[in-house]
Amino acid sequence: MLIAGNWKLNCNIREAIEISSSISNTLADKNLISDVVLFPPVIYIDLIKNKINNSKICLGAQDCSIHISGAHTGDISASMLYEIGCKYTIVGHSERRINKHESNNDIYLKAKNVINNKMIPIICVGENAKDRESGNALNVIEKQLSESIPKNEKNFEFIIAYEPIWAIGSGKVPTLESINEMFNMIRLWLLNNGIDKSIKILYGGSVNKGNANEFFSCKNLGGLLIGGVSLKASEFSEICIMAG
Ligand code: PGA
(Lines give C-alpha, C1' and ligand atoms only; values in the text may rest on other atoms or scores of the structure.)
Protein backbone atom coordinates (compact mmCIF):
# COMPACT_ATOMS: atom_id res chain seq x y z
CA MET A 1 0.00 0.00 0.00
CA LEU A 2 1.13 3.56 -0.68
CA ILE A 3 -0.27 6.52 1.24
CA ALA A 4 0.44 9.80 -0.50
CA GLY A 5 -0.12 13.31 0.84
CA ASN A 6 -0.58 16.05 -1.75
CA TRP A 7 -0.15 19.40 0.00
CA LYS A 8 -0.97 21.41 -3.15
CA LEU A 9 -0.24 25.16 -2.81
CA ASN A 10 -0.27 25.26 0.99
CA CYS A 11 2.00 25.89 4.01
CA ASN A 12 4.66 28.38 4.91
CA ILE A 13 8.14 27.10 5.78
CA ARG A 14 7.38 26.71 9.50
CA GLU A 15 4.20 24.73 8.81
CA ALA A 16 5.97 22.55 6.24
CA ILE A 17 8.60 21.59 8.81
CA GLU A 18 6.02 21.07 11.57
CA ILE A 19 3.74 18.82 9.51
CA SER A 20 6.51 16.69 8.03
CA SER A 21 8.36 16.32 11.36
CA SER A 22 5.18 15.41 13.19
CA ILE A 23 4.26 12.71 10.63
CA SER A 24 7.82 11.41 10.66
CA ASN A 25 7.94 11.24 14.47
CA THR A 26 4.52 9.60 14.79
CA LEU A 27 5.35 6.90 12.26
CA ALA A 28 8.96 6.35 13.39
CA ASP A 29 8.31 3.31 15.61
CA LYS A 30 5.29 1.88 13.79
CA ASN A 31 7.01 -0.62 11.49
CA LEU A 32 4.64 0.13 8.64
CA ILE A 33 4.65 -2.12 5.61
CA SER A 34 3.04 0.66 3.56
CA ASP A 35 5.10 3.40 1.95
CA VAL A 36 4.32 7.00 2.82
CA VAL A 37 5.05 9.81 0.37
CA LEU A 38 4.71 13.53 0.98
CA PHE A 39 4.22 15.94 -1.92
CA PRO A 40 4.99 19.40 -0.51
CA PRO A 41 5.40 22.46 -2.72
CA VAL A 42 8.65 21.74 -4.54
CA ILE A 43 10.50 24.62 -2.90
CA TYR A 44 10.31 22.87 0.51
CA ILE A 45 11.52 19.45 -0.61
CA ASP A 46 15.21 19.90 0.13
CA LEU A 47 14.45 21.41 3.54
CA ILE A 48 12.02 18.64 4.50
CA LYS A 49 14.42 15.96 3.27
CA ASN A 50 16.92 17.19 5.83
CA LYS A 51 14.35 17.35 8.65
CA ILE A 52 12.72 13.94 8.44
CA ASN A 53 14.70 11.00 9.67
CA ASN A 54 12.25 8.27 8.85
CA SER A 55 13.27 6.05 5.98
CA LYS A 56 9.65 4.99 5.47
CA ILE A 57 8.75 8.49 4.28
CA CYS A 58 9.67 9.46 0.73
CA LEU A 59 9.27 12.76 -1.02
CA GLY A 60 7.76 13.64 -4.34
CA ALA A 61 6.81 16.58 -6.53
CA GLN A 62 3.30 17.64 -7.53
CA ASP A 63 4.21 18.18 -11.19
CA CYS A 64 7.14 18.49 -13.58
CA SER A 65 7.88 20.13 -16.91
CA ILE A 66 7.16 18.46 -20.23
CA HIS A 67 10.61 19.74 -21.18
CA ILE A 68 14.02 18.42 -20.25
CA SER A 69 15.91 21.73 -20.31
CA GLY A 70 16.08 25.01 -22.19
CA ALA A 71 14.18 28.28 -22.45
CA HIS A 72 11.11 27.41 -20.34
CA THR A 73 10.93 30.09 -17.66
CA GLY A 74 9.43 28.85 -14.42
CA ASP A 75 9.51 25.15 -15.32
CA ILE A 76 11.21 22.45 -13.21
CA SER A 77 12.47 19.35 -14.97
CA ALA A 78 12.17 15.73 -13.88
CA SER A 79 15.97 15.43 -13.61
CA MET A 80 16.07 18.40 -11.20
CA LEU A 81 13.40 16.74 -9.07
CA TYR A 82 15.34 13.49 -9.01
CA GLU A 83 18.52 15.28 -8.02
CA ILE A 84 16.80 17.04 -5.16
CA GLY A 85 15.61 13.72 -3.70
CA CYS A 86 12.17 13.02 -5.20
CA LYS A 87 11.21 9.39 -5.66
CA TYR A 88 7.79 10.09 -7.18
CA THR A 89 6.15 12.85 -9.23
CA ILE A 90 2.41 13.36 -9.62
CA VAL A 91 1.39 14.05 -13.22
CA GLY A 92 -2.02 14.92 -14.63
CA HIS A 93 -3.73 15.99 -11.42
CA SER A 94 -7.17 17.29 -12.42
CA GLU A 95 -6.33 20.73 -11.01
CA ARG A 96 -3.57 20.96 -13.61
CA ARG A 97 -5.59 19.33 -16.38
CA ILE A 98 -8.36 21.88 -15.80
CA ASN A 99 -6.63 25.06 -14.58
CA LYS A 100 -3.48 24.76 -16.70
CA HIS A 101 -5.22 23.15 -19.68
CA GLU A 102 -2.91 20.13 -19.66
CA SER A 103 -3.78 17.53 -22.28
CA ASN A 104 -3.39 13.76 -22.11
CA ASN A 105 -0.38 14.18 -24.38
CA ASP A 106 1.22 16.63 -21.91
CA ILE A 107 0.70 14.06 -19.15
CA TYR A 108 2.22 11.38 -21.35
CA LEU A 109 5.34 13.51 -21.96
CA LYS A 110 5.66 14.32 -18.26
CA ALA A 111 5.23 10.68 -17.22
CA LYS A 112 7.91 9.68 -19.74
CA ASN A 113 10.31 12.29 -18.32
CA VAL A 114 9.65 11.04 -14.80
CA ILE A 115 10.26 7.41 -15.77
CA ASN A 116 13.41 8.34 -17.71
CA ASN A 117 14.73 10.12 -14.64
CA LYS A 118 14.51 7.12 -12.30
CA MET A 119 11.35 8.27 -10.54
CA ILE A 120 7.86 6.82 -10.45
CA PRO A 121 5.03 8.89 -11.95
CA ILE A 122 1.68 8.87 -10.21
CA ILE A 123 -0.56 9.36 -13.24
CA CYS A 124 -3.91 10.85 -12.23
CA VAL A 125 -7.15 10.13 -14.03
CA GLY A 126 -10.70 11.09 -13.13
CA GLU A 127 -14.08 11.95 -14.58
CA ASN A 128 -16.15 15.07 -13.93
CA ALA A 129 -19.65 15.06 -12.45
CA LYS A 130 -21.33 15.34 -15.84
CA ASP A 131 -19.52 12.27 -17.17
CA ARG A 132 -20.34 10.34 -14.01
CA GLU A 133 -24.03 11.25 -14.21
CA SER A 134 -24.33 10.45 -17.89
CA GLY A 135 -22.78 7.01 -17.42
CA ASN A 136 -19.68 7.96 -19.38
CA ALA A 137 -17.09 7.67 -16.58
CA LEU A 138 -15.52 4.39 -17.68
CA ASN A 139 -15.04 5.62 -21.26
CA VAL A 140 -13.49 8.89 -20.11
CA ILE A 141 -10.98 7.12 -17.87
CA GLU A 142 -10.13 4.56 -20.54
CA LYS A 143 -9.31 7.39 -22.97
CA GLN A 144 -7.16 9.13 -20.33
CA LEU A 145 -5.28 5.86 -19.71
CA SER A 146 -4.73 5.20 -23.41
CA GLU A 147 -3.42 8.68 -24.10
CA SER A 148 -1.46 9.45 -20.91
CA ILE A 149 0.38 6.24 -20.05
CA PRO A 150 3.74 5.62 -21.72
CA LYS A 151 3.85 2.01 -22.86
CA ASN A 152 7.31 1.39 -24.21
CA GLU A 153 9.75 2.86 -21.73
CA LYS A 154 12.62 1.04 -20.10
CA ASN A 155 12.39 0.80 -16.26
CA PHE A 156 8.69 0.84 -16.74
CA GLU A 157 7.17 1.58 -13.34
CA PHE A 158 4.24 3.85 -12.66
CA ILE A 159 1.21 4.23 -10.42
CA ILE A 160 -2.32 5.20 -11.41
CA ALA A 161 -4.40 7.45 -9.14
CA TYR A 162 -8.14 7.38 -9.78
CA GLU A 163 -9.53 10.66 -8.52
CA PRO A 164 -13.08 11.54 -9.58
CA ILE A 165 -13.00 15.33 -10.03
CA TRP A 166 -16.33 15.76 -8.24
CA ALA A 167 -14.93 13.96 -5.17
CA ILE A 168 -11.85 16.17 -4.76
CA GLY A 169 -12.21 18.53 -1.82
CA SER A 170 -16.01 18.16 -1.90
CA GLY A 171 -16.68 15.72 0.92
CA LYS A 172 -18.42 13.47 -1.64
CA VAL A 173 -17.04 10.00 -2.31
CA PRO A 174 -17.99 7.32 -4.85
CA THR A 175 -19.69 4.12 -3.73
CA LEU A 176 -17.43 1.13 -3.19
CA GLU A 177 -19.27 -0.53 -6.04
CA SER A 178 -18.34 2.22 -8.50
CA ILE A 179 -14.72 2.29 -7.30
CA ASN A 180 -14.50 -1.47 -7.77
CA GLU A 181 -16.06 -1.19 -11.23
CA MET A 182 -13.52 1.49 -12.19
CA PHE A 183 -10.57 -0.43 -10.73
CA ASN A 184 -11.64 -3.59 -12.58
CA MET A 185 -11.76 -1.66 -15.85
CA ILE A 186 -8.29 -0.19 -15.18
CA ARG A 187 -6.89 -3.66 -14.34
CA LEU A 188 -8.37 -5.03 -17.55
CA TRP A 189 -6.90 -2.14 -19.53
CA LEU A 190 -3.47 -2.83 -18.01
CA LEU A 191 -3.80 -6.52 -18.84
CA ASN A 192 -4.89 -5.84 -22.41
CA ASN A 193 -1.89 -3.56 -22.85
CA GLY A 194 0.54 -6.15 -21.54
CA ILE A 195 1.46 -4.03 -18.53
CA ASP A 196 2.77 -5.59 -15.34
CA LYS A 197 0.11 -6.81 -12.92
CA SER A 198 1.89 -5.20 -9.97
CA ILE A 199 0.99 -1.63 -11.01
CA LYS A 200 -0.68 0.04 -8.03
CA ILE A 201 -4.01 1.85 -8.37
CA LEU A 202 -4.68 4.54 -5.78
CA TYR A 203 -7.97 6.19 -4.90
CA GLY A 204 -8.10 9.94 -4.18
CA GLY A 205 -10.89 12.40 -3.35
CA SER A 206 -12.17 13.47 0.10
CA VAL A 207 -10.34 10.72 1.97
CA ASN A 208 -10.36 11.13 5.76
CA LYS A 209 -9.88 8.89 8.78
CA GLY A 210 -13.63 8.24 8.90
CA ASN A 211 -13.86 6.74 5.42
CA ALA A 212 -10.32 5.35 4.91
CA ASN A 213 -11.17 1.87 6.21
CA GLU A 214 -13.95 1.56 3.68
CA PHE A 215 -11.49 2.31 0.85
CA PHE A 216 -9.03 -0.21 2.32
CA SER A 217 -11.70 -2.87 1.82
CA CYS A 218 -11.48 -2.47 -2.01
CA LYS A 219 -9.62 -5.51 -3.22
CA ASN A 220 -7.70 -3.77 -6.00
CA LEU A 221 -6.68 -0.75 -3.90
CA GLY A 222 -2.94 0.03 -3.99
CA GLY A 223 -3.20 3.05 -1.71
CA LEU A 224 -4.66 6.51 -1.22
CA LEU A 225 -3.83 9.97 -2.57
CA ILE A 226 -4.90 12.42 0.10
CA GLY A 227 -5.20 16.18 -0.32
CA GLY A 228 -6.75 18.30 2.45
CA VAL A 229 -6.26 15.77 5.24
CA SER A 230 -2.54 15.41 4.43
CA LEU A 231 -2.09 18.86 5.97
CA LYS A 232 -3.42 17.53 9.28
CA ALA A 233 -0.40 15.63 10.57
CA SER A 234 -2.17 13.52 13.19
CA GLU A 235 -5.13 12.48 10.98
CA PHE A 236 -2.83 11.70 8.05
CA SER A 237 -0.56 9.64 10.33
CA GLU A 238 -3.59 7.74 11.66
CA ILE A 239 -4.56 6.80 8.11
CA CYS A 240 -1.00 5.59 7.44
CA ILE A 241 -1.20 3.44 10.57
CA MET A 242 -4.61 2.08 9.49
CA ALA A 243 -3.03 1.10 6.16
CA GLY A 244 -0.51 -0.94 8.16
P1 PGA B 1 -8.76 15.90 -1.28
O2 PGA B 1 -7.78 16.02 -2.53
O3 PGA B 1 -8.28 14.74 -0.44
O4 PGA B 1 -8.63 17.22 -0.57
O5 PGA B 1 -10.13 15.66 -1.81
C6 PGA B 1 -7.30 14.88 -3.18
C7 PGA B 1 -6.39 15.28 -4.31
O8 PGA B 1 -6.62 16.32 -4.94
O9 PGA B 1 -5.40 14.57 -4.59
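Preceding this section is the structure that the text describes.
Residues numbered from 1 in each chain as written. Predicted model: local features only at pLDDT ≥ 70, side-chain atom pairs only at ≥ 80, totals over all residues. Heavy atoms only, no water.

Caption draft 1: How the structure looks around the overall build of the protein chain. Scanning the protein chain from terminus to terminus reveals ten helices and eight strands. Dimensions of the protein chain, computed from the C-alpha atoms along their principal axes, are close to 45 × 45 × 30 Å. Within the protein chain, the fraction of its 244 residues that count as buried is 51%. The contacts of the protein chain with a sequence gap of at least 6 include a subset with a gap of at least 24, amounting to 72%. When the accessible surface of the protein chain is totalled, it reaches about 11400 Å², and 49% of it is carbon and sulfur. Averaged over its 25 positive side-chain charges, the protein chain has a centre that lies 3 Å from the centre of its 25 negative ones. (Helix = DSSP H or I, 4+ residues; strand = E, 2+ residues; numbered from the N terminus. Buried < 20%, exposed > 50% of the residue type's maximum accessible area, 1.4 Å probe, protein only. Contact = heavy atoms within 4.5 Å. Areas by Shrake-Rupley, 256 points an atom, 1.4 Å probe, with all protein chains shown as cover. Lys, Arg positive; Asp, Glu negative; His and termini not counted. Charge placed at Lys NZ, Arg CZ, Asp CG, Glu CD.)

Caption draft 2: Region of the structure containing the side chain of Ser20. With respect to the helices, strands and loops of the structure, Ser20 is situated in helix α1 (residues 13-27). Once residues within four sequence positions are removed from consideration, Ser20 is found in contact with Trp7, Leu38, Ile48 and Ile52.

Caption draft 3: Here's a closer look at the site of the ligand. Neighbouring residues of the ligand: 13 residues in total, closest Lys8, His93, Glu163, Gly169 and Ser206. Lys8 places a polar side-chain atom, nitrogen or oxygen, 2.7 Å from an oxygen atom of the ligand. Summarising the interface, the protein chains cover 95% of the accessible area of the ligand, which totals 280 Å² for the free molecule. (Near = heavy atom within 4 Å. Polar contact = N/O pair within 3.5 Å; in protein donor to acceptor, adjacent residues only side chain to side chain.)

Caption draft 4: Quick look at the packing of α1 against helix α10 (residues 233-243). Look at α1 against α10: their axes get within 9 Å of each other, and the N-to-C directions meet at 35 degrees. For the element pair α1 and α10, the recorded crossing hand is right-handed. For the pair formed by α1 and α10, the contact residues are Ile19, Ser22, Ile23, Thr26 and Leu27 on the first element and Ala233, Phe236, Ser237, Cys240 and Ile241 on the second. Of the residues in the contact of α1 with α10, the class split is seven nonpolar, three polar and no charged. (Axes fitted to C-alpha atoms, helices over the stretch in contact; angles between N-to-C directions. Left-handed = near helix turned anticlockwise from the far one by under 90°. Nonpolar A, V, L, I, M, F, W, Y, C, P; charged D, E, K, R; others polar.)

Caption draft 5: Representation of a nonpolar patch on the surface within the structure. Taken together, the side chains of Val42, Ile43, Ile76 and Met80 define a hydrophobic patch exposed on the protein surface, amounting to about 350 Å² of accessible area. Structurally, Ile76 can be placed in the loop between β3 (57-61) and α3 (78-84). On the accessibility criterion, Ile76 (33% relative accessible area) is partly exposed. (Patch = residues over 30% accessible without salt bridge, like charges linked within 9 Å, V, L, I, M, F, W, Y side chains within 5 Å. Salt bridge = Lys/Arg side-chain N within 4 Å of Asp/Glu carboxyl O.)

Caption draft 6: A look at α10. By the burial criterion, the buried members of α10 are Ala233, Glu235, Phe236, Ser237, Ile239, Cys240 and Ala243. In the core, the buried residues of α10 are packed alongside β1 (2-6), α1, β2 (35-39), α9 (212-216) and β8 (223-226). Immediately beyond the C-terminal end of α10, within one or two residues, lies Gly244, with a positive phi of roughly 85 degrees.

Caption draft 7: Main features of the sheet that holds β2. An order of β1-β2-β3-β4-β5-β6-β7-β8 is seen for the eight strands of this closed barrel, with the pairing classed as parallel. Put simply, the sheet's adjacent strands are angled 25 degrees from each other on average, direction ignored. Where β1 and β2 come together, five bridges link them in parallel fashion. The residue of β2 that forms the bridge with Gly5 is Leu38. Most of the contacts of α10 go to β1, to which it runs at about 165 degrees, and overall it touches β1, β2 and β8. (Pairing = 2+ DSSP bridges.)

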